[in-house]
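A structural walkthrough
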Amino acid sequence: MTEPLVSRMRAFGTTIFAEMSALAVQTGAINLGQGFPDTDGPAAMLDRAVQAITSGANQYPPGPGVLELRQAVSEHRMAQYRLDYDPAGEVLVTVGATEAIAASVLALCEPGDEVIAFEPYYDSYAASIALAQARLAAVTLRPVNGRFTFDPDELRAAVTPRTRAILVNSPHNPTGTVFTRDELTVIAELCQEHGLIAITDEVYEHLTFDGVEHVPLATLPGMRERTVMISSAGKTFSVTGWKTGWVCAPPELVRAVSTVKQFLTFTASAPWQLAVAYGLRTELEWVAALRAGLQDKRDRLMDGLAAAGFEVLRPSGTYFVQTDIRPLGFEDGLEFTRRLPELAGVVAIPTQVFYDHPERGSHFVRFAFCKKDEVIDEAVTRLKRLSQG
């Protein structure tokens, strides 16, 4: 029998996250690969979810999402960024940001269109673009003065008559960079010059460090009307399993995304939606404490990685630290991470799998620091074997 999977998806097998998490289970290694916390979100918000379940909020919520959550998202956008979105027609609740991204690409891109994304990129981007039968045009982020950034000329050169959209992830997974206002201005000017739609993945919007500001692309002049702004509760409130996200955009873009989304999941997660609405309205002080704690964890892991012999790049946001493995005598991150459980009892993620040009990232490996301090400390102790062997 021939391969039953459609040809455009044959390049996408088991995700690297599934592979490495399974490897952690098989070997008993500490999992610093997949980015999920090992502690829960705010207790009062969790209680709201329980209350919603026991009070009967267990049937289909409205397709656009529970109005209470759409209102809370709208209030949050205004309070944080002075962006005004009408909860009745400019906010759509999704099954996490991953569905929001997929539905947006499927809704807005025709077969043969091109979508620009910055590599390394979160792995669902390429799959969503392939499902839409569009083409991903990758612009490479490279370390400059200790942080990953793009070359504006390379970005401009990536735009062609077929370019339909640009996917912007900031704070950026997996590099940890947070695009500056100047970098975002380059993107905004290109979008306006060429009539491009911006799809922004901002799930780490609250998790920036060292006083670095997250600037939504939609806040720049002329960008609100052409931006599909995506975020979610998972990273903000440490509830990644709730898969509750949202889209904020002008009505015509929300209608387009909703048209696709209704045939993917239609709707989901009524109790979580009600709890997240509560969280957005009352738990941002908890989020501020989370951010401060994560900054300490980042520094704890960075110090340990440097002591183990890695070259460490300092992230300004997200859950992740990028390292260069060449000082340890390794060149291939995929080979290194597959051996790392044996060498040191730790699992990480090879960054090269997030590139269209894997050779440009073959020497980078990503570690997650969204773990308990004792887990980080034990991982660091184990990783020191690399420099002692």
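A brief look at the structure comes next. (Residues numbered from 1 in each chain as written. Predicted model: local features only at pLDDT ≥ 70, side-chain atom pairs only at ≥ 80, totals over all residues. Heavy atoms only, no water.)

**Comments concerning the overall build of the chain**
For the chain, the helix and strand inventory stands at 13 helices and 15 strands. Against the 2.2 N^0.38 benchmark of 21 Å for 389 residues, the chain shows a C-alpha radius of gyration of 20 Å, consistent with a compact globule. By its C-alpha atoms, the chain is 60 × 55 × 55 Å across when sized along the principal axes. Of all intrachain contacts in the chain linking residues separated by at least 6 positions in sequence, the fraction that spans at least 24 positions is 76%. Approximately 15,800 Å² of the chain is accessible, and the part contributed by carbon and sulfur atoms is 50%. For the chain, the distance from the average site of its 35 positive side-chain charges to the average site of its 47 negative ones is 2 Å. (Helix = DSSP H or I, 4+ residues; strand = E, 2+ residues; numbered from the N terminus. Rg over C-alpha atoms; globule rule 2.2 N^0.38 Å. Contact = heavy atoms within 4.5 Å. Areas by Shrake-Rupley, 256 points an atom, 1.4 Å probe, with all protein chains shown as cover. Lys, Arg positive; Asp, Glu negative; His and termini not counted. Charge placed at Lys NZ, Arg CZ, Asp CG, Glu CD.)

**Remarks on the nonpolar core**
Grouped together as the largest cluster of nonpolar side chains are 64 residues, with contacts concentrated most on V228, V247, F310, L340, F367 and L383. The greatest single-element share of this core, amounting to six residues, is contributed by helix 4 (residues 96-108). Not counting chain neighbours up to four residues away, the residues in contact with V228 comprise S104, L108, I197, A198, I199, T200, V247, C248, A249 and L253. With 28 residues, the next largest nonpolar core counts V139, F148, L190 and L313 among its residues. (Core = buried A, V, L, I, M, F, W, Y, C linked by side-chain atoms within 4.5 Å. Buried < 20%, exposed > 50% of the residue type's maximum accessible area, 1.4 Å probe, protein only.)

**Here we look at the packing of helix 4 against helix 5 (residues 124-131)**
Axis separation between helix 4 and helix 5 bottoms out at 8 Å; the angle between their running directions is 30°. Of the two possible hands of crossing, helix 4 and helix 5 adopt the one that is right-handed. Here helix 4 contributes T98, I101, A102, V105 and L106 to the contact with helix 5, which in turn contributes S124, Y125, S128, I129 and L131. When the residues that make up the contact of helix 4 with helix 5 are grouped by side-chain class, the tally is seven nonpolar, three polar and no charged. (Axes fitted to C-alpha atoms, helices over the stretch in contact; angles between N-to-C directions. Left-handed = near helix turned anticlockwise from the far one by under 90°. Nonpolar A, V, L, I, M, F, W, Y, C, P; charged D, E, K, R; others polar.)

**What about the pairing of strand 15 (residues 364-368)?**
Counting buried positions along strand 15 yields five of five residues, so the element is predominantly enclosed. Residues of strand 15 alternate between two faces, with F364, R366 and A368 on one and V365 and F367 on the opposite face, all of them buried. When strand 12 (residues 320-324) meets strand 15, the two strands line up antiparallel, connected through five bridges. Each bridged residue has a counterpart across the sheet, and for Q322 the counterpart in strand 15 is R366. As paired strands, strand 14 (residues 349-350) and strand 15 are joined by two bridges and run antiparallel to one another. Bridge pairing in strand 15 places P350 opposite V365. (Pairing = 2+ DSSP bridges.)

This is a description of form; function is not addressed.
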